[in-house]
Amino acid sequence: MSLFEVPGWSVPAAPVPQQSKKRKRAPAKEKPSDDVDEAHRIQSAQKNIEKLMQALGAGSDALDGEDSGRTIKKKRAGKEKKGKGAQTEPERGRKAEREGKKADEQRAVSKEKKATRELGATRGADQPQERAQPTQKKQKQKQKKAKRPDSVDARSDASLSHDAAISPVSLKFEAVGQAASKKLAGKSHEGPKDEGLTTLQANMKKSLDGARFRWINEMLYKSDSAKARELMSTDPAVFADYHTGFRHQVESWPTNPVSHYISTLSSYPAKTVIADLGCGDAALARALVPKGMTVLSFDLVSDGAYVIEADTCVRVPLPGSEKPIGTSASNSDDSTEGEGEGQVVDVVICALSLMGTNWPGCIREAWRILKTDGEFKIAEVASRFTNVDEFTSFISSFGFKLKSKDERNTHFTLFEFKKVPRKAKSEKDWKKLMARASILKPCEYKRR
């Protein structure tokens, strides 16, 4: 009997056998030859695809495309094996064609990319500087706008500091600096206008001038006047360079002794005759001559106007004698004192001019050209004195008497002597006096 009964339904007494399904699957056992044919076809298709891929192109990109194609084929082949049934031959041919087209497109794209990269590299190699220059210019412009220095000198210092790092003493550096200074000449009011130099170049020039001044100064103090005169006669620029550097040194002093003497002598009578020994640029004469006074200026080099060329340590070209006329070494009495004859000078000035190893000869010449009771004024650098009293005693031995001494200034000391009669001296006595020049040390300016 059946398990249950439903009106209108008929149910067989026993379950329906599944033979029909088995019968449908039974032919599958008879398909070994078909499966073998399909596998053979898949293999032949794969070989054809590989041949096609090899024929389309070669190279690294083609190989990469083939590898990717092979991996895709393997995956698809695996999927096909896992599927219920194998694909038909037309479908496999279409897929192979699609894959071949994709591989072709990939190779074409890769070739185009390579070509563009090579073109970009060649263009970049040909024009690297042209691209770098505008960016550098833009950066410099931005930096200048951000900084905006207050003065033109600050801008010139900032721009030339880079050039100084490249070549501070080259001709190119000087040419660039001069061109820049010409452009800024109308705007700058503080830099050196006469030479057309920038602030940096002016400072470099000052240091070089200072070194040259120190060298000339050392030579003048450590050699005799004859050697100094020979040097300046062969190269007159030495004289000008020395006094230019000397003026720069004096600017740092509280007062200038020449200025002191100008103000002091301005109150003297107009008929006063003044002899300036070692006058330099004759600043004293330039200030007093217009006031009607007579100033005779002497130095190693003449300027053709105020300065008379002379070696003041050997002979000053002015009248005057050490002994009375008609006396000689044989008939002179050493015990008698005299003042000489023929003098015309009222005041002798030695303002920082006792130079050279034979400077005592200048003291001897000052006594010879001075009138009786004439004034002898000396201004000397304070650092030169080992003993001030010994110095004044040494000057007095030439026939002078100390009237005043002023040591209030930190840089130099002022002396005022008066000419007095003296006894005649032999050549041996003069040699002893000349040998005592070491009382004054050489004046050496420190490097600033």
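Draft legend 1. Representation of the overall build of the protein. A tally of helices and strands in the protein yields 15 helices and nine strands. A total of 448 residues make up the protein; the buried ones form 33% of that total. Taking contacts inside the protein between residues at least 6 apart in sequence as the whole, the part at least 24 apart equals 67%. Looking at the protein as shown, the accessible area adds up to about 29100 Å², and 54% of this sits on carbon and sulfur atoms.

Draft legend 2. Up close: the packing of helix α8 (residues 199-222) against helix α10 (residues 237-250). Relative to each other, α8 and α10 sit at 105°, their axes nearing to 9 Å. What the angle tells us is that α8 and α10 run roughly perpendicular. Note on element contacts: α10 touches α8 through Ala237, Val238, Asp241, Tyr242, Gly245, Phe246 and Gln249, opposite Arg212, Phe213, Ile216, Asn217, Leu220 and Tyr221. When its residues are assigned to classes, the contact of α8 with α10 shows eight nonpolar, three polar and two charged.

Draft legend 3. Examining the nonpolar core more closely. Of all hydrophobic cores here, the largest spans 37 residues; its most connected members are Leu220, Tyr242, Ile274, Leu284, Leu288 and Ile349. Looking at this core, the elements with two or more residues in it are α8, α9 (225-234), α10, α11 (257-265), α12 (283-288), β5 (345-351), β6 (370-381) and β8 (412-419). For Leu288, the contacting residues outside a window of four places in its chain are Ile262, Leu265, Ser266, Ile274, Met293 and Val295. Listed in part, the 35 residues of the second largest apolar core include Val273, Val345, Ala366 and Ile395.

Draft legend 4. Broad picture of the side chain of Arg384. Mapped onto the fold, Arg384 is located in the loop between β6 and α14 (388-396). A relative accessible area of 2% means that Arg384 is categorised as buried. Setting aside anything within four residues of it in sequence, one finds Arg384 in contact with Tyr221, Leu354, Ile439, Leu440, Lys441, Pro442 and Cys443.

Draft legend 5. Looking closely at the sheet that holds β8. In space, the seven strands of this open sheet follow the order β3-β2-β1-β5-β6-β8-β7, with mixed pairing throughout. Edge positions in the sheet fall to β3 (307-309) and β7 (400-406), since each has one partner strand and no second. Across the sheet, the mean angle separating the axes of adjacent strands is 25° when strand polarity is ignored. Across three bridges, strand β1 (residues 273-277) lies against β5 in parallel orientation. Counted as the bridge partner of Asp276 is Ile349 from β5.

Draft legend 6. Quick peek at α10. Taking 1.5 Å per residue, 14 residues should reach 20 Å; α10 reaches 20 Å between its end C-alpha atoms and fits that length. Those residues of α10 that sit buried are Val238, Phe239, Tyr242, His243, Gly245, Phe246, Gln249 and Val250. Viewed along the axis of α10, the buried residues span an arc of 160°, placing them on a single side of the element. Looking at the packing, one finds that the buried side of α10 touches α8, α9 and β2 (294-299).

Draft legend 7. Summary view of the environment of Ala435. Examined against the element boundaries, Ala435 turns out to sit in the segment after α15 (427-434). Spatially, the C-alpha atom of Ala435 lies 8.2 Å from that of Asn358, the residues being 77 residues apart in sequence.

Draft legend 8. Structural context of the pairing of β8. Of all eight residues in β8, seven are buried, a share of seventy percent or more. Bridging between β6 and β8 involves seven bridges; their strand directions are antiparallel. Residue Glu375 lies in a different strand from β8, and its bridge partner there is Lys418. Of the strand pairs in this sheet, β7 and β8 are connected by six bridges, and their pairing is antiparallel. Residue pairing across strands places Leu402 opposite Phe417, the latter belonging to β8. Connecting the antiparallel pair β7 and β8 is a turn made up of five residues.

Quick notes on the rules
Residues numbered from 1 in each chain as written. Predicted model: local features only at pLDDT ≥ 70, side-chain atom pairs only at ≥ 80, totals over all residues. Heavy atoms only, no water. Helix = DSSP H or I, 4+ residues; strand = E, 2+ residues; numbered from the N terminus. Buried < 20%, exposed > 50% of the residue type's maximum accessible area, 1.4 Å probe, protein only. Contact = heavy atoms within 4.5 Å. Areas by Shrake-Rupley, 256 points an atom, 1.4 Å probe, with all protein chains shown as cover. Axes fitted to C-alpha atoms, helices over the stretch in contact; angles between N-to-C directions. Parallel < 35°, antiparallel > 145°, perpendicular 65-115°, else oblique. Nonpolar A, V, L, I, M, F, W, Y, C, P; charged D, E, K, R; others polar. Core = buried A, V, L, I, M, F, W, Y, C linked by side-chain atoms within 4.5 Å. Pairing = 2+ DSSP bridges. Expected span 1.5 Å × (residues − 1). Arc of directions from axis to C-beta.

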